[in-house]
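# Per-entry structural report
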Amino acid sequence: MIDLLGFLKTFLTLFVELTALFVVISFLVSLLQQKVTEDKIKRVLERPNKWSGYFYGTGLGALTPFCSCSTIPILAGLLSSKAPFGPSMSFLIASPLLNPVIVILLWTLLGWELTLYYIVIVGLFSILIGVVWEALGLHNSVKNVKVRKHQSDQKQEAVPKWKIALQDAWAFFYPVLPFLVIGVFIGAFIYDFVPQDVIARYAGGDQLWTIPVASILGVPMYIRAEAILPIGDALVSKGMGIGAVIALLIGGAGASIPEVVLLNKLFKPKLVIAFVFSILVVATTTGLIVQTVL
């Protein structure tokens, strides 16, 4: 009975904390996204200084939609309007991996030091991937996709921005709620019922082979960050290597099967393969660095 009460307490505490964080962050990001439109992103990426475009693409990617699949429509619009290829690819990599939800949840659950390493490493990889793909001429592997521009809805423009932000916050939160509940449930279960020596024996911090395996497993599992982070927090507390958790997060959030299917509509097979390979490299390398340094 004591264990069950402890489990319920852990579950409710995690759920309330993460729900509040998610809704507040979603509200603030929606306010920001109402200012950062697709046209503004395109203008920023077309700066005269070519190299600055990669930094701007990575930075803007961190301010845009929360999951990999919702990034694709914006990317399609950018490519259709002839935005620079390399910076657009930096945007593609950074958007699902550096969004405010992941960053704040990482900070809350796993600490500021890990979050700082994560931001720096993933940010540098986002820039590097854009540069390398541009140098390899992979822009020739983008299909000729045309996106129809929609006229602004005057009724929508008349709605106060804070009301739109509230609607967006709910629209973002509602589809994620099942993943959040599942993630918190599993995390609370691990906290209160899974023996520490079991986790340490099979996925301990000194077993570096678990990192590349975790990065590969993340892709078909399509684990939302909102689900894996509370699970990862529990696993780390039981002795699992933090590098494997980070690799699983990047693999699942960065190159999910739904995203790859959508990218297949925009990219030729060569670029799709380059994308998946790059995400696996980012996941494995980030995991190894974090595991070694922290």
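These numbers were taken from a predicted model, which means no experiment stands behind them.

The final tally for this structure, using the stated rule, is four aromatic pairs. Pairing Phe11 with Phe15 gives two aromatic rings, centres 6.1 Å apart and planes at 5 degrees, and the pair type is stacked. Taken together, the positions of Phe11 and Phe15, both in helix H1 (residues 2-33) and four residues apart, correspond to about one turn of that helix. Taking relative accessible area as the criterion, Phe15 reaches 21% and is therefore assigned partly exposed. Clustering of aromatic rings is evident, with ring pairs tying together Phe7, Phe11, Phe15 and Phe185.

Before going further, it helps to spend a moment on the nonpolar core. In this structure, Leu106, Tyr118, Trp133, Ile250 and Phe267 are the most contacted members of the largest nonpolar core, which totals 69 residues. Sorting elements by how many residues they give to this core places helix H13 (residues 242-254) first, with nine residues. Discounting chain neighbours no more than four positions away, the residues touching Tyr118 are Leu97, Leu98, Ile102, Leu106, Gly123, Ile246, Leu249 and Ile250. With eight residues, the next largest nonpolar core counts Ile41, Leu60, Ala83 and Phe91 among its residues.

Moving on: the packing of helix H5 (residues 85-97) against helix H15 (residues 269-293). Close contact between H5 and H15 brings their axes to 12 Å; oriented N to C, the two are set at 45 degrees. The pairing of H5 with H15 is recorded here as oblique in orientation. Along this stretch, H5 crosses H15, giving a crossing that reads as right-handed. The residues of H15 that touch H5, namely those facing Phe85, Leu92, Ile93 and Leu97, are Leu271, Phe275 and Ile279.

Counted residue by residue, helix H6 (residues 100-110) has eight buried out of 11 residues, so it is predominantly covered. Pro100, Val101, Ile102, Val103, Leu105, Leu106, Leu109 and Leu110 are the residues of H6 that are buried. With a side-chain oxygen lying 3.1 Å from the backbone nitrogen of Ile102, the N-terminal cap of H6 falls on Asn99. Directly after H6, the chain includes Gly111, whose backbone phi takes a positive value near 100 degrees.

In the predicted model, the chain carries a mean pLDDT of 80, and the fraction of residues at 70 or more is 83%. By mean pLDDT, helix H8 (residues 154-158) is the weakest element of the chain at 56, and helix H7 (residues 112-135) is the strongest at 95. For residues 150-155, every residue scores under 50 in pLDDT, and the model assigns this stretch one contact once sequence neighbours within four places are set aside.

All right, on to the side chain of Thr19 then. Relative to the helices and strands, Thr19 resides in helix H1. By relative accessible area, which is 15% here, Thr19 ends up buried. At a separation of 2.7 Å, a polar atom in the side chain of Thr19 contacts the main-chain carbonyl oxygen of Phe15. If sequence neighbours within four positions are ignored, Thr19 has contacts with Phe173 and Leu180.

In this section: the side chain of Thr10. Tracing the backbone through its elements, the reader meets Thr10 in helix H1. Taking relative accessible area as the criterion, Thr10 reaches 19% and is therefore assigned buried. A polar contact of 2.9 Å, which involves the side chain of Thr10, links it to the backbone oxygen of Gly6. Beyond its immediate sequence surroundings of up to four residues, Thr10 is in contact with Ala188, Tyr191 and Asp192.

Reading the values: rules and limits
Once a new chain begins, its residue numbering starts again from 1 and follows that chain's sequence as written. Owing to the predicted nature of the model, reporting of local features is limited to residues with pLDDT of at least 70; listing and counting of side-chain atom pairs is limited to 80 or more, with chain, interface and lining totals taken over all residues. As a rule here, side-chain values cover all heavy atoms of the structure and leave hydrogens and water aside. Side-chain rings of Phe, Tyr and Trp (the six-membered ring for Trp) are treated as a pair once their centres are within 6.5 Å; stacked means planes under 30 degrees apart, edge-to-face means over 60, and tilted covers the remaining angles. By definition, any uninterrupted DSSP run of H or I lasting at least four residues is a helix, any uninterrupted run of E lasting at least two residues is a strand, and each is numbered from the N terminus. Whether a residue is buried, partly exposed or exposed follows from its accessible area with a 1.4 Å probe, protein chains only, as a fraction of its type maximum: under 20%, in between, or over 50%, in that order. Put simply, buried Ala, Val, Leu, Ile, Met, Phe, Trp, Tyr and Cys residues joined by side-chain atoms within 4.5 Å make one nonpolar core. The contact criterion used throughout is that any non-hydrogen atoms of two residues lie within 4.5 Å. Axis geometry follows a simple rule: fit a line to the C-alpha atoms, using only the stretch in contact for helices, then measure angles between N-to-C directions, giving values from 0 to 180 degrees. For classification purposes, an angle smaller than 35 degrees is called roughly parallel, one larger than 145 roughly antiparallel, one from 65 to 115 roughly perpendicular, and anything else oblique. When the near helix sits turned anticlockwise from the far one by under a right angle, the crossing is termed left-handed; a clockwise turn instead gives a right-handed crossing. Any pair of nitrogen or oxygen atoms within 3.5 Å is treated as a polar contact; in protein, a donor-acceptor pairing is required on top of that, and neighbouring residues in sequence qualify only through side-chain atoms on both sides. Note: pLDDT gives the predictor's confidence per residue, expressed from 0 to 100.

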